[in-house]
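# Architecture and fold: a report
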Amino acid sequence: MEQLTKLIREDMKPALGVTEPGAIAFAAATAKAQVGGEVTGVSLRLNSGMYKNAFTCGIPGSSRLGNLYAAALGAVGADPEKGLECLGGITPEQEREAEALVKAGKVRAEVSRVSSRIEIEAEVSTRQGTAAVVIRDSHTHIVEIRVNGAVTYRQEEAPAGEEEREAPLIHQYTLGQLVEYIETVPFSEIEFIEEAYRVNLALFEEGLGSSRTTFAPLLLQENGGERFSADEERTASLLCNAAIEARVIGLDRPAMSITGSGAHGIIATLPLYAAYRVRGYSRERLLRATALSYLVCIYIKEYSGRLSAFCGCAIAAGTGMAVALAWLRGGRVPELAGVIRNMASSITGMICDGGNQGCTMKGIAAVSAAYASVRLAMAGVSVQAVHGINGRTPEETMAFMGRIASPGMEGTETTIMEILGEKGRGM
């Protein structure tokens, strides 16, 4: 199996709801499983990105929002064996139990540090004991478990600040090599990517059929009341953003995530499905384009970090999707590089203020910017390398895009956290 195929296969994961509440619930559920018994309290320590992304995020199977309820529901009712889908099947009784814990002040969350490195420490107390689970770097990567103060599991880690000394695999490739891979890899080796469309289209339908969504019905109306109209861009925006809205409000369907994010996975795929339906591309061409979309997204995210102050959904996944759209239209590396420069010069710097309804607006902006970037680049019009944060090569441009997030926007992250803190005190 090709290294890049393996990279995509390992990165694609279904996630129920926004990934961060799922990860918090998974940590709490895993801790609870170590001791059993009736839950008496939950304590969370989260890095800023984790705290922010779950701050007002909808929780699947529940009308509740945010970090505290994600932790409480994870502790009282989630199944850790289901990973990021652990909140599936929460019962009304378990929701009431979680609500009682939160209202009694027995669930607490604090920020451990301002960082784009994923960090979760969930400590669950029950009538039978106390257990803590520590997760770092990816949403389900457990590095330590403690039971009644004793370490029962620990994975050796690189010291803080040294975790990225070795260059990620994806950065060993040029854009041209990524294109060569997706054009020559045996199709049977990447057919598994089709599962992302089954999962994400089901989420789209859930959003379109729900009385809780507000953006989705209007986007459908703007597309002439049709799921698939002759207007490719409106169709793309409808598919993409009805699914994103369904996800952030907590409807009970998973998204297929990439780089640890369901919204990244949605933006990286569903606009391409619109192009496939409207323009009549083959199934094989769609899946090859999707592989390119994923790889460009991963390339940028490895520079920016998984959870930062910039909207990786729009910027990283949006750029990947735009490059794939241009490839579907016959673009070669010069045009694809132009697409990347156009995206870098337009929406880089869009902030992430958490997983919430605002993600839908960011998705709308990403689709619009992607289609404009592709249209211009395919006509030979793009922002030239000499300007702004564009590099001499597409690889350098993507690296600069990532650096805007980390370390570039660490001060922005601090300001966002201060604002959320002020809002939290007023809620």
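First, a word on scope: everything that follows refers to the structure included in this document. (Residues numbered from 1 in each chain as written. Predicted model: local features only at pLDDT ≥ 70, side-chain atom pairs only at ≥ 80, totals over all residues. Heavy atoms only, no water.)

## Topic: the overall build of the chain
- Summing up its helical and strand segments, the chain has 17 helices and 8 strands in all.
- By the compact-globule yardstick of 22 Å for 427 residues, the chain fits well, its C-alpha radius of gyration being 21 Å.
- Considering only C-alpha atoms, the chain reaches an extent of 65 × 50 × 45 Å along its principal axes.
- Taken over 427 residues, the chain has a buried fraction of 58%.
- Put simply, of all contacts in the chain between residues at least 6 apart along the chain, 76% involve residues at least 24 apart.
- Here the chain has roughly 16,600 Å² of accessible surface; of this, 48% comes from carbon and sulfur atoms. (Helix = DSSP H or I, 4+ residues; strand = E, 2+ residues; numbered from the N terminus. Rg over C-alpha atoms; globule rule 2.2 N^0.38 Å. Buried < 20%, exposed > 50% of the residue type's maximum accessible area, 1.4 Å probe, protein only. Contact = heavy atoms within 4.5 Å. Areas by Shrake-Rupley, 256 points an atom, 1.4 Å probe, with all protein chains shown as cover.)

## Regarding unusual backbone geometry
- Residue Pro407 follows Ser406 across a cis peptide bond; omega there is 15 degrees.
- Tracing the sequence through the fold places Pro407 in the loop between α16 (394-405) and α17 (410-426).
- A positive phi angle, near 75 degrees, is found at Asp137, a position not held by glycine.
- By the element assignment, Asp137 lies in the loop between β5 (129-136) and β6 (142-147).
- For Asp137, a relative accessible area of 31% corresponds to the partly exposed category.
- A positive phi angle, close to 50 degrees, is found at Asn148, a residue other than glycine.
- Looking at the secondary structure, you find Asn148 in the loop between β6 and β7 (150-154).

## A word on the packing of aromatic side chains
- One pass over the structure, following the stated rule, counts 5 aromatic pairs.
- Considering the side-chain rings of Tyr51 and Phe55, the 5.9 Å spacing of their centres and the 35 degrees angle between planes classify their relative orientation as tilted. Neither residue differs from the other here; Tyr51 and Phe55 are each classed as buried.
- An aromatic cluster is built from Tyr197, Phe228, Tyr273 and Tyr276, whose rings are joined through pairwise contacts.
- Looking at Arg277, its charged tip hangs above the ring of Phe228, at a distance of 3.9 Å from the centre.
- If you follow Arg285 out to its NZ or CZ, it ends over the ring of Trp327, 4.0 Å from the centre. (Phe/Tyr/Trp six-rings, centres within 6.5 Å; stacked < 30°, edge-to-face > 60°. Lys NZ or Arg CZ within 6 Å of the ring centre and 35° of its normal.)

## Some thoughts on the pairing of β6
- A large share of β6 lies buried, amounting to 6 of its 6 residues.
- Of the strand pairs in this sheet, β5 and β6 are connected by 5 bridges, and their pairing is antiparallel. Paired with Ala131 across the bridge in β6 is Val147.
- Count of turn residues in the β5/β6 antiparallel hairpin: 5 residues, of which Asp137 carries a positive phi of about 75 degrees.
- Sheet topology places β6 next to β7; 4 bridges connect them, and they run antiparallel. Residue pairing for β7: Val147 is matched across the bridge by Ala150.
- Linkage of β6 to β7, two consecutive antiparallel strands, is achieved through a turn of 2 residues, within which Asn148 is found at a positive phi near 50 degrees. (Pairing = 2+ DSSP bridges.)

## Some thoughts on the nonpolar core
- Counting residues in hydrophobic clusters, the biggest one holds 147 residues, and the most contacted among them are Ile8, Met12, Ile193, Leu292 and Leu295.
- With 13 residues, helix α13 (residues 312-328) is the largest single contributor of residues to this core.
- Those residues in contact with Met12 that lie beyond four places of it in its chain are Phe192, Ile193, Ala196, Met256, Ser257, Ile258 and Tyr294. (Core = buried A, V, L, I, M, F, W, Y, C linked by side-chain atoms within 4.5 Å.)

## Some thoughts on the pairing of strand β8 (residues 254-257)
- The alternating pattern of β8 places Pro254 and Met256 and Ala255 and Ser257 on opposite faces, both of which are buried.
- Direction of pairing for strand β1 (residues 13-16) relative to β8: antiparallel, over a ladder of 4 bridges. Considered in β8, the bridge of Leu16 is made with Pro254.

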